[in-house]
Amino acid sequence: MSAVMRFWLVAAIFCIFLLPRPASASDRPAVGPVPAWVEPIALPRAPAPTSDVPVRILLNDEQVYVENGRKSVYVRFAVRVETPQGLAVGNLSFPWRPETDTPVVHSLLIRRGDQVIDVLASGQTFTVLRRETNLERATLDGVLTASIQPEGLQVGDIIDFALTIETGDPVFNGHVEHVGADANGLPIDLVRFRMSWPDAIDMRLRGAGDIVVPPVRTSGNRRSIEIVQRDLAVLTAPNGAPQRYQAGRYIEATDYPNWEPLGTLMTPLSEPAPPLPADRALHAALDRLR
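Everything quoted here is computed from the prediction, not taken from an experiment. (Residues numbered from 1 in each chain as written. Predicted model: local features only at pLDDT ≥ 70, side-chain atom pairs only at ≥ 80, totals over all residues. Heavy atoms only, no water.)

A. Broad picture of the overall build of the protein. What the protein contains, in helices and strands, is three helices and 16 strands. Its C-alpha atoms put the protein at 75 × 45 × 45 Å along the principal axes. Counting the 290 residues in the protein, one finds 42% classified as buried. Nonlocal contacts in the protein, meaning residues at least 24 apart in sequence, comprise 78% of its contacts between residues at least 6 apart. Of the accessible surface of the protein, which amounts to about 16,400 Å², a share of 56% is contributed by carbon and sulfur atoms. Counting 28 positive and 33 negative side-chain charges, the protein places the averaged centre of each group 1 Å from the other. (Helix = DSSP H or I, 4+ residues; strand = E, 2+ residues; numbered from the N terminus. Buried < 20%, exposed > 50% of the residue type's maximum accessible area, 1.4 Å probe, protein only. Contact = heavy atoms within 4.5 Å. Areas by Shrake-Rupley, 256 points an atom, 1.4 Å probe, with all protein chains shown as cover. Lys, Arg positive; Asp, Glu negative; His and termini not counted. Charge placed at Lys NZ, Arg CZ, Asp CG, Glu CD.)

B. Region of interest: the sheet that holds strand E11 (residues 177-180). Read across the open sheet, the three strands follow the order E11-E16-E13; overall the sheet is antiparallel. Whereas interior strands pair on both sides, the edge strands pair on one side only; in this sheet they are E11 and strand E13 (204-208). Going across the sheet, the axis of each strand differs from the next one's by a mean of 10°, ignoring polarity. In the sheet, E11 pairs with strand E16 (residues 250-254) via four bridges, with the strands oriented antiparallel. Opposite Gly-180, over in E16, you have Ile-251 as the bridge partner. (Pairing = 2+ DSSP bridges. Axes fitted to C-alpha atoms, helices over the stretch in contact; angles between N-to-C directions.)

C. Structural detail: the pattern of salt bridges. One pass over the full model with this rule turns up 16 salt bridges. Between Arg-249 and Asp-210 there is a salt bridge, with the nearest N and O atoms lying 2.9 Å from each other. On the criterion of sequence distance, the pair formed by Arg-249 in the loop between strand E15 (222-232) and E16 and Asp-210 in the loop between E13 and strand E14 (217-219) is long-range, its members being 39 residues apart. Residue Arg-249 is classed as buried on the basis of its relative accessible area of 3%. A salt bridge links Glu-226 to Arg-217, with the nearest nitrogen and oxygen atoms 3.6 Å apart. What makes Glu-226 partly exposed here is its relative accessible area of 25%. Put simply, Asp-61, Arg-192, Arg-217 and Glu-226 are held in one network by salt bridges that share partners. (Salt bridge = Lys/Arg side-chain N within 4 Å of Asp/Glu carboxyl O.)

D. Highlighting the pairing of E16. In this sheet, E16 lies alongside E13 in antiparallel orientation, the contact comprising five bridges. Directly across from Gly-207, in E16, lies its bridge partner Ile-251.

E. How the structure looks around the pairing of strand E3 (residues 55-67). Of all 13 residues in E3, 10 are buried, a share of seventy percent or more. With 12 bridges joining them, E3 and strand E4 (residues 70-81) adopt antiparallel strand pairing. Bridge assignment links Ile-57 to a residue of E4, and that residue is Val-79. Here E3 folds back onto E4 in antiparallel fashion, the turn holding two residues, of which Gly-69 has a positive phi close to 80°.

F. The arrangement of unusual backbone geometry in detail. A positive phi angle, close to 55°, is found at Asn-173, a residue other than glycine. If you trace the backbone, Asn-173 turns up in the loop between strand E10 (158-167) and E11. What makes Asn-173 exposed here is its relative accessible area of 57%. Backbone geometry at Asp-231 places phi at a positive 50°, although glycine is not the residue there. Looking at the element boundaries, Asp-231 is found in strand E15.

G. View of the side chain of Asp-157. Structurally, Asp-157 is set in the loop between strand E9 (144-148) and E10. Judged by its relative accessible area of 1%, Asp-157 falls in the buried class. A polar contact of 2.8 Å, which involves the side chain of Asp-157, links it to the side chain of Arg-112. In contact with Asp-157, not counting residues within four places along its chain, are Val-79, Arg-80, Val-81, Ile-110, Arg-111, Arg-112 and Gly-152. (Polar contact = N/O pair within 3.5 Å; in protein donor to acceptor, adjacent residues only side chain to side chain.)

Here it is as structure tokens:
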């Protein structure tokens, strides 16, 4: 899952100038259990509340499960509201492409002391919007955005949210790639990145920033890596540095051996379409229109 998605999950507030319209009822995230391949992790013990920051991110857990031509990205995050200004973090949203992605929401909990409030069980549902942010350019991308704002959120509450998005893009012709572990902009108490794939896939991994790719482990017919970091600090780019330095820390994963097969796959998609044969019915239709 990208950094943009997690940013929206933590702090997105819809812009009223985008003029969203409701999506159809079939284009909605499902609600279901956590997949069996996800390894659970306990919430870290929260330190005493403070008014120094609006919110405190307790957990950012990202797990990626790769199959041939498909990947599933599970994300769970927990954030505590520290000040009234931090209540805006309760406006949760995430985007997906319905033609390639299948989102499943697992849980949305409000932890208030010893009380656990199940937001979805209380009857609240996600609002799905078709925002079309490039509409002024006559471009439709079909991206949908699901949004929810838990009712009655209070200072001191912990928002605990988990979902999985499964993706299979036919354009990649069975290949899989992912960029993850890109927690840069906010301090986080506990970060975990885990990725597993079949041993038949020759996955190539590379870390950036201060990320060091750990040794690959093998269990049965699958391979995996896992990174656990505590008290992760903000990674600040040097002042005036080129844009490429803003990327920060992350892990790249791909089964492409190099750029050549990727270029071979993508080049036909940008080539001009061949001219229509002279006997096509379209020409007759155009003549009638003229």
